[in-house]
Amino acid sequence: MADDVLLQLDRVGKTFRSGLLGRRVEAVREVSLTLRRGESVGYLGPNGSGKTTSIKCILSLIQPSRGAIRLFGKPPSDALARARVGYLPESPYFYDYLTPHEVLDYVGRLYGIDRGTRKKRVPMLLDRLGLAQAMHRPLRGFSKGMLQRVGIAQSLLSDPDLLIYDEPLSGLDPIGRKEVRELMVDLRKEGKSLFFSSHVLTDIETLCDSVCILDRGVAVAQGRLSELLLADRLESEAVIELAADAQEAAIAVLTSVPGAVLCERAGAVVRLRVPTPRVPELTQRALEVQAQLRELAPRRDSLEELFMRKAVHVQEVGGAA
Amino acid sequence: MSTFTSQGGVTLRTQGVGRSLLRIFAVAGNTLREAGRNRLFYGLLGAAALLLVFSVLLSDLALLDQKARLVQDFGLFIIPLLDVASAVLMGALLLYKEIDRKTLYAILPKPIRRSEFLLGKLLGLCGLLALQELALALCWYGVLKLRGGDMTPAIGIALLLSYIEVVFITSVALFFSALSRPVLSGVLTVGVFLIGRVSYVLADLLGAQKSIFSEVPAMHAIGRVLLTVVPDLSTFNVADEVLLGWDVPLHYVTAAAAYGLSWSALFTVAALLVFERRDIV
Ligand SMILES: Nc1ncnc2c1ncn2[C@@H]1O[C@H](COP(=O)(O)OP(=O)(O)OP(=O)(O)O)[C@@H](O)[C@H]1O
Ligand SMILES: [Mg+2]
């Protein structure tokens, strides 16, 4: 069971001291999360919310000020634990005097991968990332998207169980985004666990089953996406076509259902939101005013709404920013 | 468990002293490769070589029998100086460049210890400076031949000792660059170099007939302490002996080497301790 937990953060915090006066910057206030084998967790938060800082703590680039991190059950300072992680830094840079082939070969030597395996794996991975043509060109002069691909290729070299990617889709053009997204889907199918940050909600919606939302250094919501999105409000949305006459009166009747809200009206067609338990009442009223029910569906919050709500919540409750 | 094999069948060998050395060599090799592909490095090397050739022209000013002497003096003065300057410059930038260009973010999360990375950088830079000193010495040798001079064992020893001084300065630069930003660490390294170069003056004062250090007991004590905590870089300067045609005995060379390498080890360990705890941001 414990073997199944690849990554665990327990109330991790990081306070930087910056400037000569040692002004304190609370980059990460309190983050706890658990990632199990096979899971894909999206790490979501606005700019400056502490995603990169906490990810650097996970890889032992930064010492957390508080809390504990376990990577494959070991502290991140353990090299063998890190060996099983593939990490893509935020806007990655590599030695620009090297070629992608040389970068991967160098990285392979740090992993202790023997020459024969490197010879096979390095071109194979570069080819998979679409860098076969550019394999022997120095990185100087590579575009951001190409560097991102080199970064992903080197993260896969050791065939790691866990991939930790800091904004893997930023800086890519639409085609590049699509390709990298598809690659990440494939990697999941291959059984790799994924932990990646983003502020693009749709990416997380399509790639993850769990999400952790970070706002000003605090993890404000986390859990399975499906549960988080339904948890707070169970609402349904109905599209109703009104009869030709007495439309205002009909609307008054429909909205008299407790909790019903008129969202939109386009001519005779209205869109209403009601608490799901009230759906039978709404359909009853619609019959009474001889309106036709066109559509009825449970309303799911979009991740965006969830995010806005959680972030605003923190602002109201505890936010001394 | 000395190896780890992934589900996809990739075997990682990370444990053991041998593997540790291989990682250090990988980093050192990459450091050398970086300089090898840097045009600026060749530019500086070329300029230094030109400077040596320039000493030929300078020697034309000298009297006939002094020409070779002058080339010799000049080389023994300029080659160590150029190498020390390179050590300060490159040492100060050694870690800063990696952090500034964020290349470290991709390397340190790999199964490499920070100490291995730092030792690799140090080894790489020391290797580079050895190559540089060798290249300049060869160039100088050519000029020397041209002026009818020749290489003597003493000159070889002088170059060797100056290289040990360079290794020391490199470790000092590494320590300061693990601690602070490049300009400051450059200045501090030069500071240590200058103090080290003049500390023998203090030694002289301690033994002198008339000096505050020899006559006032308290000052004498302070002077003694200072002498033990400050490296004496004049140890590595045997130019006078070479010029006078004296022999530099082997036991002196080994003692000087041991002295220099001990000081280097001290600064390297301090650098490791600082770097181990440093946040890479
Ligand atoms: N070295 C540092 N010294 C002081 N403050 C820092 C340092 N690094 C980061 N911070 C601060 O910590 C906060 C979190 O930064 P971080 O880079 O982790 O955010 P992020 O969520 O990754 O943002 P983005 O989405 O823009 O990448 C920011 O307010 C930032 O200014
Ligand atoms: Mg970030």
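Residues numbered from 1 in each chain as written. Chains lettered and ligands numbered in written order. Predicted model: local features only at pLDDT ≥ 70, side-chain atom pairs only at ≥ 80, totals over all residues. Heavy atoms only, no water.

### Overview of helix 5 (residues 144-155) of chain A
Relative to the 16 Å expected for 12 residues at 1.5 Å per residue, helix 5 of chain A spans 16 Å between its end C-alpha atoms, a close match to the ideal helical length. Summarising burial for helix 5 of chain A: 10 of the 12 residues are buried, a large majority. For helix 5 of chain A, the elements touching its buried residues are strand 5 (85-88), helix 3 (100-110), helix 4 (115-128), strand 6 (162-166) and helix 6 (174-189) of chain A together with helix 4 (103-107) of chain B. (Helix = DSSP H or I, 4+ residues; strand = E, 2+ residues; numbered from the N terminus. Expected span 1.5 Å × (residues − 1). Buried < 20%, exposed > 50% of the residue type's maximum accessible area, 1.4 Å probe, protein only. Contact = heavy atoms within 4.5 Å.)

### So, the packing of helix 1 (residues 17-36) of chain B against helix 5 (residues 114-146) of chain B
All names here are of chain B. Orientation of helix 1 relative to helix 5, taken along the N-to-C sense of each, is 45 degrees, at an axis distance of 7 Å. What the angle tells us is that helix 1 and helix 5 run oblique. Read as a crossing pair, helix 1 and helix 5 show a hand that is right-handed. The residues of helix 5 that touch helix 1, namely those facing Ser20, Arg23, Ile24, Phe25, Val27, Ala28, Thr31, Leu32, Glu34 and Ala35, are Glu116, Phe117, Leu119, Gly120, Lys121, Leu123, Gly124, Leu125, Gly127, Leu128 and Leu131. Residues belonging to the contact of helix 1 with helix 5 are distributed by class as follows: 12 nonpolar, five polar and four charged. (Axes fitted to C-alpha atoms, helices over the stretch in contact; angles between N-to-C directions. Parallel < 35°, antiparallel > 145°, perpendicular 65-115°, else oblique. Left-handed = near helix turned anticlockwise from the far one by under 90°. Nonpolar A, V, L, I, M, F, W, Y, C, P; charged D, E, K, R; others polar.)

### Quick look at the domain arrangement of chain A
Domain parsing of chain A yields domain 1 (5-230) and domain 2 (234-298). Between the C-alpha centres of domain 1 of chain A and domain 2 of chain A there is a distance of 47 Å. (Domains from an automatic or database assignment.)

### Some thoughts on the site of ligand 1
In the vicinity of ligand 1 lie 16 residues, with Gly48(A), Lys51(A), Thr52(A), Thr53(A) and Glu90(A) positioned nearest. Two or more chains meet at ligand 1, and those chains are chains A and B. Here an oxygen atom of ligand 1 sits 3.2 Å away from a polar atom, N or O, in the main chain of Ser49(A). Within the side chain of Thr53(A), an N or O atom sits 2.5 Å from an oxygen atom of ligand 1. Relative to its unbound accessible surface of 640 Å², ligand 1 loses 69% to contact with the protein. Every element with two or more residues in the shell around ligand 1 is listed here: strand 1 (5-18), strand 2 (23-36) and helix 1 (51-58) of chain A. The element best represented in the shell around ligand 1 is helix 1 of chain A, accounting for three residues. Residues that form the shell around ligand 1 fall into these classes: five nonpolar, eight polar and three charged. (Near = heavy atom within 4 Å. Polar contact = N/O pair within 3.5 Å; in protein donor to acceptor, adjacent residues only side chain to side chain. Areas by Shrake-Rupley, 256 points an atom, 1.4 Å probe, with all protein chains shown as cover.)

### Quick notes on the coordination of the magnesium ion (ligand 2)
Tetrahedral metal sites with four donors have an ideal angle of 109.5 degrees; octahedral sites with six donors have ideal angles of 90 or 180 degrees. In the first shell of the magnesium ion (ligand 2), the protein supplies Thr52(A) (OG1), Glu90(A) (OE) and Glu90(A) (OE), at 1.9 to 2.8 Å from the metal. Within this pair, whereas Thr52(A) is found in helix 1, its partner Glu90(A) is found in the loop between strand 5 and helix 3, the two being separated by 38 residues in sequence. (Donors = N, O, S within 2.8 Å, 3.2 Å for Na, K, Ca; no water.)

### Some thoughts on the interface of chain B and chain A
On the side of chain A, 38 residues touch chain B, which itself brings 41 residues to the contact. When the two sides are added together, the surface that chain B and chain A hide from each other amounts to roughly 3600 Å², 58% of it contributed by carbon and sulfur. Two residues, Asp279(B) and Lys14(A), come together in a salt bridge whose shortest N-O distance is 2.6 Å. Summed over the shared surface of chain B and chain A, the number is 18 residue pairs in polar contact (both at pLDDT 80 or more). Those elements that provide at least two residues to the side of chain B that touches chain A are strand 2 (11-13), helix 1, helix 4 and helix 5 of chain B. The dominant element in the side of chain B that touches chain A, judged by the number of residues it contributes, is helix 1 of chain B, at eight residues. (Buried area = accessible area lost by both parts, 1.4 Å probe. Salt bridge = Lys/Arg side-chain N within 4 Å of Asp/Glu carboxyl O.)

### Details of the pairing of strand 1 of chain A
Residue and element names in this part refer to chain A. Across 10 bridges, strand 1 lies against strand 2 in antiparallel orientation. Bridging across to strand 2, Thr15 finds its partner in Glu26. The antiparallel pairing of strand 1 with strand 2 creates a hairpin that spans four residues between the two strands, and Gly19 there sits at a positive phi of about 75 degrees. The pairing of strand 1 with strand 4 (residues 66-71) spans five bridges and is classified as antiparallel. Bridging across to strand 4, Gly13 finds its partner in Arg66. (Pairing = 2+ DSSP bridges.)

### Points about the side chain of Ser6(B)
Checked against the element boundaries, Ser6(B) lands in the loop between strand 1 (3-5) and strand 2. Assessed through its relative accessible area of 6%, Ser6(B) is described here as buried.

### Re the nonpolar core
The biggest cluster of nonpolar side chains holds 149 residues, and the ones touching the most others in it are Leu7(A), Phe195(A) and Phe117(B). With 15 residues, the single largest contributor to this core is helix 6 (residues 153-179) of chain B. Look past the residues within four positions of Phe195(A) in its chain and what remains in contact with it is Leu7(A), Leu33(A), Leu35(A), Val41(A), Tyr43(A), Ile55(A), Ile58(A), Leu163(A), Ile164(A) and Tyr165(A). Within the second largest apolar cluster, 16 residues are counted, among which are Ile240(A), Leu242(A), Ala250(A) and Val274(A). (Core = buried A, V, L, I, M, F, W, Y, C linked by side-chain atoms within 4.5 Å.)

### Some details on the sheet that holds strand 11 (residues 261-266) of chain A
All names here are of chain A. Strand order in the open sheet formed by four strands is 11-12-10-13, and the pairing between neighbours is antiparallel. Only two strands of the sheet have a single neighbouring strand rather than two, namely strand 11 and strand 13 (292-299). On average, each strand axis in the sheet is inclined to that of its neighbour by 20 degrees, with strand direction left out of account. By the bridge criterion, seven bridges tie strand 10 (residues 235-241) to strand 12 (residues 269-275) in an arrangement that is antiparallel. In the sheet register, Glu235 faces strand 12, and the bridge partner there is Pro275. Contacts from helix 9 (residues 247-255) reach strand 10, strand 11 and strand 12, with the element oriented near 150 degrees to strand 11.

### Quick notes on the pattern of salt bridges
Where charged atoms of side chains with opposite charge meet at close range, the side chains can pair. Residues and elements named next belong to chain A. Per the counting criterion, the structure on display carries 27 salt bridges over all chains. The partner of Arg271 in a salt bridge is Glu264, with the nearest N and O atoms 2.5 Å apart. Taken together, the shared-partner salt bridges connect Arg177, Arg181 and Asp203 into one network.

### Description of the side chain of Ser185(B)
Relative to the assigned elements, Ser185(B) resides in helix 7 (residues 182-207). With sequence-adjacent residues up to four places away left out, Ser185(B) is seen in contact with Ala92(B), Phe176(B), Ser177(B) and Ser180(B).

### Describing a nonpolar patch on the surface
Residue and element names in this part refer to chain B. A contiguous nonpolar surface patch, about 470 Å² in accessible area, is contributed by Val17, Leu21, Leu22, Phe25 and Leu123. Sorting elements by how many residues they give to the nonpolar patch places helix 1 first, with four residues. Structurally, Phe25 is set in helix 1. On the basis of relative accessibility, which here comes to 44%, the residue Phe25 falls in the partly exposed class. (Patch = residues over 30% accessible without salt bridge, like charges linked within 9 Å, V, L, I, M, F, W, Y side chains within 5 Å.)

### Quick look at the packing of aromatic side chains
The geometry of an aromatic ring pair comes down to the distance between the two centres and the angle between the two planes. Residue and element names in this part refer to chain B. Tallied over the full model, the rule gives 11 aromatic pairs over all chains. Summarising the aromatic geometry, the rings of Phe175 and Phe267 are spaced 5.8 Å apart at their centres and angled 70 degrees between planes, so their arrangement reads as edge-to-face. Remark: Phe267 occurs in helix 11 (residues 250-277) and Phe175 occurs in helix 6; sequence separation between them is 92 residues. Here a set of aromatic residues connected by ring pairs shows up, and it is made of Phe168, Phe175, Phe176, Trp263 and Phe267. For the cation-ring pair, Arg114 lies above Phe275, with the distance from its terminal atom to the ring centre recorded as 5.8 Å. (Phe/Tyr/Trp six-rings, centres within 6.5 Å; stacked < 30°, edge-to-face > 60°. Lys NZ or Arg CZ within 6 Å of the ring centre and 35° of its normal.)

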